[in-house]
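Topology and contacts: notes
Chain residues, written in single-letter form:
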Amino acid sequence: MIALNELTDAAQKAFPASSLSPSRDESWGLAAEMGWLMVRLPEEDGGLGFRREASTALHLEMGRVLSAMPLIPAQLGLQAIAASEDFAEREDWLERLAGGEYAPMPMLGAKLTRASDGTVSGTISGVFEGDMAVAVVAQLPGGYALVPLDAPGVSLLERPIWDPSRRLFDVVLDGFTPALILTDAAGTKALHDRLSGEAQLALAADCIGAAGAALDMTIEYMKIRRQFDRPIALFQALKHRAADMKTRIVVAEALLWKRVRDESASVTELAAAKVLAAEAFRFVTEDMVQLHGGIGLTDEHPCHLFLKRALLNLQLCGNADLWNERIGRKALQA
Amino acid sequence: MAAPQGARYGKVARNEDILRVWGIIPQNLYLPFVPISPQRPASVWTPRNPIGTDRSMTNDLEALRREVRSFLAAEAPTDWRDASRTQDDFVRTQRDWFGKLVRAGYAIPHWPAEFPGGGRSLAEQKVIYEELAGADCPRLLLSFVSTYHAFATLHECGSAEQKARYLPKILEGETWCQGFSEPGAGSDLAAIKTRAERKGDVYVVNGQKVWSTMAQFADKCLLLARTSSDGVKQAGITYLLMDMKAPGVTVRPIHQIQGDEEFAEIFLDNVEIPVSERVGEEGKGWAVAQATLASERGLTLMELSYRMRGALGRVAKLIREHGHEDDRGVLRDFGVLVTQVDAVCAIADQFLDNRINGIERMGDASIVKNAYSRALRAYSALGLRLGGMDEQYVAPITFGDLNTGNWMADFMNSYAWTIAGGSEEVQRNIIAERMLDMPREPKGWVL
């Protein structure tokens with residue numbers, strides 16, 4: 001088995017920090033080629049059989065370059081199918097997805113109703129790069145199912161978002177008849193908890209990687225930008241802000257790795273790592289724009305890409321208010 | 001596994017590089033800076049602790065953990081908070097507990113193996129401190145300067161005769177304090193003005209020291225004094241071992257805002273210190289001071305972090321007592337605190353693991369300290385807020401604990417951690433200049 005450092009190095013080589021938001025489709029091809037879609041898949045299913053550390057390391061690097069490809073939802077979708085042992089077309093779908101087809105897990109909630117005839121209608125939100133998808137892995141009223149986007153009663157609607165590094169879609173169901181069932185009612189909660197925890201860790205890693213890149217970029221700028229005959233990096237008031245940003249990132253990353261390695265951590269505990277990482281990312285990018293001054297307000301400078309990704313990440317898979325309340329309630333009961 | 005990965009992080013920085021640009025207040029809160037310069041960006045995957053990969057080592061550590069745990073189950077004092085309501089009681093409790101730990105072999109795990117209970121690896125020390133924190137026994141405060149600062153100074157730089165004279169006495173309960181900081185030399189430690197003049201076989205010392213932790217109970221003092229004003233300010237400093245009962249030594253405890261007297265001033269009026277009590281050469285005391293300051297290896301903050309985590313129950317109790325169980329705003333604030341404290345435990349752990357593996361980075365210790373001290377402030381501030389007016393009525397304080405549930409006292413006491421041991425601002429400078437490689441302010445500012 002390769003060491004994680006090698007994975008990180010490979011990712012940095014394939015996606016150098018100098019190139020922000022590299023082309024989605026080229027990235028996707030590269031990631032599929034390097035087996036990144038399959039890192040968490042068991043070896044008997046043709047995957048690499050890596051643990052959470054491996055996907056975390058990759059998501060960190062993809063956050064660092066503000067990756068436009070939907071690696072997180074893709075891995076989650078793949079894991080959902082792999083975990084659905086009773087799904088008749090399991091092997092078939094695993095093979096298709098390993099080959100680069102895309103069946104994401106949505107990163108936001110769904111509002112769905114089931115009619116008496118068993119058909120489902122409503123909206124599944126948070127489908128990243130839906131234009132690439134052949135299907136989505138959705139939690140329908142009866143349990144998880146694959147929703148093929150070319151099935152009758154399924155349509156795709158792009159929802160323009162502020163974050164230009166990604167594209168977000170709704171999948172609208174109108175009398176859709178689920179056929180590719182992944183879990184029954186009993187298996188749904190277990191799969192939900194598993195995927196939800198994975199999603200939290202992946203998003204946390206994306207935040208930490210991107211926050212680190214944002215801070216690096218900000219410090220570089222502060223060293224170059226001169227006012228009053230000196231680089232602004234010399235001003236202690238600004239240095240202290242940089243130090244606080246660094247502190248937030250390093251501390252949030254420490255919690256992330258601790259939770260990544262704690263196989264017994266609950267979803268709430270994994271979400272705590274995401275909330276802390278996303279808040280650190282927000283903290284860093286808010287100041288990134290401020291410290292860049294006027295140039296930070298321009299569309300041509302990448303500051304805004306970081307800020308917008310940070311603010312979107314905060315909303316994905318449960319926002320800070322929701323999770324903080326749950327964390328507090330759980331600690332109160334402890 | 002550790003060595004090749006550690007090499008990726010670049011060269012090990014030397015303490016003196018850091019101290020040269022940075023005078024700290026070396027109180028017992030001090031965290032050392034041995035770290036390393038970051039060659040890789042912050043969020044790089046941190047290589048992990050070989051402890052988990054070496055089965056025999058893991059087994060040994062778990063055996064030690066069981067051994068310490070069973071000792072603590074039988075011997076850890078449970079009533080120490082009630083027995084620490086006055087300073088005299090606190091001192092008695094501390095001496096009793098230190099004596100017990102010495103006899104059990106857990107007081108000085110970082111000392112060499114020739115001392116009973118010494119010769120423990122950092123990984124073993126970490127296990128011992130985890131268990132001490134988990135059992136909520138008193139922290140060893142009174143003996144801290146003796147077992148860490150005095151020990152490291154004597155062990156690294158003391159003469160054979162000095163070691164033989166003083167180290168065994170520390171285990172018998174002799175306590176030391178530090179005479180480093182002065183009214184005009186806080187963050188800028190090298191600016192000390194206390195003078196030592198050589199007269200025959202003695203130095204005659206005059207001056208004033210401040211913020212000396214528990215000097216009022218100390219038998220001996222690690223003293224920095226100036227023997228020369230020539231050259232750079234670090235060059236004329238000499239390191240002396242002073243008897244606190246010597247004529248001319250006056251100690252005045254400092255009444256702190258929360259009612260404690262953890263620190264003291266020391267006034268020196270023609271105090272005679274034999275030349276044999278000098279550590280290292282005359283004028284070379286700054287180098288010796290580095291040994292003093294590098295003595296603590298991050299265990300204290302790890303221990304304190306886990307103690308704060310254990311004390312989150314005090315906030316939960318307040319929430320219940322005030323009927324806030326379903327107040328979403330309060331629950332969120334509590335949730336934020338819980339995560340903040342968990343994260344401090346994680347970074348303190350990671351810091352020690354990195355040390356154990358030799359892969360610390362320059363500035364890591366500053367991050368741990370600032371993260372802890374801010375969490376401590378947030379912890380006590382939330383308790384203070386939830387406690388409301390009740391907390392404004394004076395209640396008894398507990399000596400020697402940072403999370404006592406007396407929220408006013410805890411809140412005020414939390415400033416000790418943002419100010420002492422290198423203030424929060426000094427730590428930020430270190431993070432910015434040493435970790436982020438931002439430029440230093442030009443020298444030679446004159447106003």
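Source: prediction; values computed, not measured.

All names here are of chain A. Sheet architecture is open: four strands sit in the order β1-β2-β6-β5, paired in antiparallel fashion. Every interior strand has two partners, whereas the edge strands, β1 (110-114) and β5 (154-158), have only one. If you compare each strand with its neighbour and ignore which way they point, the axes differ by 20° on average. Where β5 meets strand β6 (residues 168-176), five bridges bridge the pair, whose relative direction is antiparallel. Directly across from L157, in β6, lies its bridge partner D170.

A separate point is the pairing of strand β7 (residues 263-274) of chain B. Residue and element names in this part refer to chain B. One ladder, built from nine bridges, connects strand β3 (residues 202-213) with β7; its direction is antiparallel. Looking at the pairing, V204 lines up with E272 of β7. Examined bridge by bridge, strand β6 (residues 249-253) and β7 share five bridges and lie antiparallel to one another. Along β7, the bridge assignment pairs T250 with F267.

With that settled, consider the interface of chain B and chain A. Often the size quoted for an interface is simply the accessible area lost on bringing the parts together. Contacts between chain B and chain A engage 38 residues on the former and 44 residues on the latter. At the level of secondary structure, the elements contributing two or more residues to the side of chain B that touches chain A comprise α10 (312-321), α11 (328-356), α12 (364-387) and α15 (424-435) of chain B. By residue number, the principal contributor to the side of chain B that touches chain A is α11 of chain B, which donates 13 residues. For the side of chain B that touches chain A, the per-class residue count stands at 23 nonpolar, eight polar and seven charged.

Residue and element names in this part refer to chain B. For chain B, the average pLDDT comes to 86, and 86% of its residues sit at 70 or higher. Ranking the elements of chain B by mean pLDDT puts helix α2 (residues 15-21) last, at 32, and strand β8 (residues 278-279) first, at 98. Confidence drops under a pLDDT of 50 for residues 1-54, and excluding neighbours within four residues, the segment shows 141 contacts in the predicted structure.

An α-helix turns once every 3.6 residues. As a result, residues three or four positions apart point the same way. Residues and elements named next belong to chain A. Within helix α9 (residues 303-315) the residues assigned to the buried category are C303, H304, F306, L307, R309, A310, N313 and L314. Where α9 is buried, its residues contact α6 (185-224), α8 (267-292) and α10 (320-333). C317 lies just past α9 and shows a positive phi near 55°.

Okay, the domain arrangement of chain A next. Residue and element names in this part refer to chain A. Its domain assignment divides chain A into domain 1 (4-98), domain 2 (110-184) and domain 3 (187-333). Using C-alpha coordinates to define each centre, domain 1 is positioned 22 Å away from domain 3. Contact with domain 1, which involves 19 residues of that partner, is made by 20 residues of domain 3. Secondary structure elements with two or more residues in the side of domain 1 that touches domain 3: α3 (52-64) and α4 (71-83). With 10 residues, the single largest contributor to the side of domain 1 that touches domain 3 is α3. Tallied by class, residues from the side of domain 1 that touches domain 3 come to nine nonpolar, six polar and four charged.

All names here are of chain A. Pairing is antiparallel across the open sheet formed by three strands, whose spatial order is β3-β4-β7. In this open sheet, the two edge strands, each paired with only one partner strand, are β3 (135-140) and β7 (180-181). Note: strand β4 (residues 143-148) against β7, two bridges, orientation antiparallel. From the neighbouring strand, L146 faces β7, where its bridge partner is L180. Strands β3 and β4 of the sheet are contacted by α6, whose axis makes an angle of about 80° with β4.

So, on to the environment of V127 of chain B. Residues and elements named next belong to chain B. Take V127: it is sitting in helix α5 (residues 122-134). Residues V127 and V68, 59 residues apart in the sequence, show an inter-C-alpha distance of 8.6 Å. Sequence-distant contacts of V127, defined by excluding residues within four places in its chain, comprise L61, L64, R65 and V68.

With that settled, the discussion passes to the packing of helix α9 (residues 299-310) of chain B against α12 of chain B. Packed helix pairs are specified by the crossing angle of their axes together with the interaxial distance, meaning the distance between the axes. Residues and elements named next belong to chain B. Contact pair α9 / α12: the axes reach a minimum separation of 11 Å and the direction vectors enclose 25°. One way to sum up the angle between α9 and α12 is to call them roughly parallel. Between α9 and α12 lies a crossing of left-handed hand. Along the contact surface, α9 presents L301, L304, S305 and M308, while α12 presents V368, K369, Y372, A375, L376 and Y379. Of the residues that constitute the contact of α9 with α12, the class distribution is eight nonpolar, one polar and one charged.

Our focus in this paragraph is the nonpolar core. Grouped together as the largest cluster of nonpolar side chains are 231 residues, with contacts concentrated most on A277 of chain A together with I347 of chain B. In terms of residues, this core owes the most to one element, α6 of chain A, which gives 17 residues. Residue contacts for I347 of chain B: discarding those within four places in its chain leaves V250, V251 and A254 of chain A together with I367, V368 and A371 of chain B.

Conventions adopted
Residues numbered from 1 in each chain as written. Chains lettered and ligands numbered in written order. Predicted model: local features only at pLDDT ≥ 70, side-chain atom pairs only at ≥ 80, totals over all residues. Pairing = 2+ DSSP bridges. Helix = DSSP H or I, 4+ residues; strand = E, 2+ residues; numbered from the N terminus. Axes fitted to C-alpha atoms, helices over the stretch in contact; angles between N-to-C directions. Contact = placed C-beta atoms within 7 Å. Nonpolar A, V, L, I, M, F, W, Y, C, P; charged D, E, K, R; others polar. pLDDT = per-residue confidence, 0-100. Buried ≥ 20, exposed ≤ 12 C-beta atoms within 10 Å, placed from the backbone. Domains from an automatic or database assignment. Parallel < 35°, antiparallel > 145°, perpendicular 65-115°, else oblique. Left-handed = near helix turned anticlockwise from the far one by under 90°. Core = buried A, V, L, I, M, F, W, Y, C linked by C-beta atoms within 7 Å.

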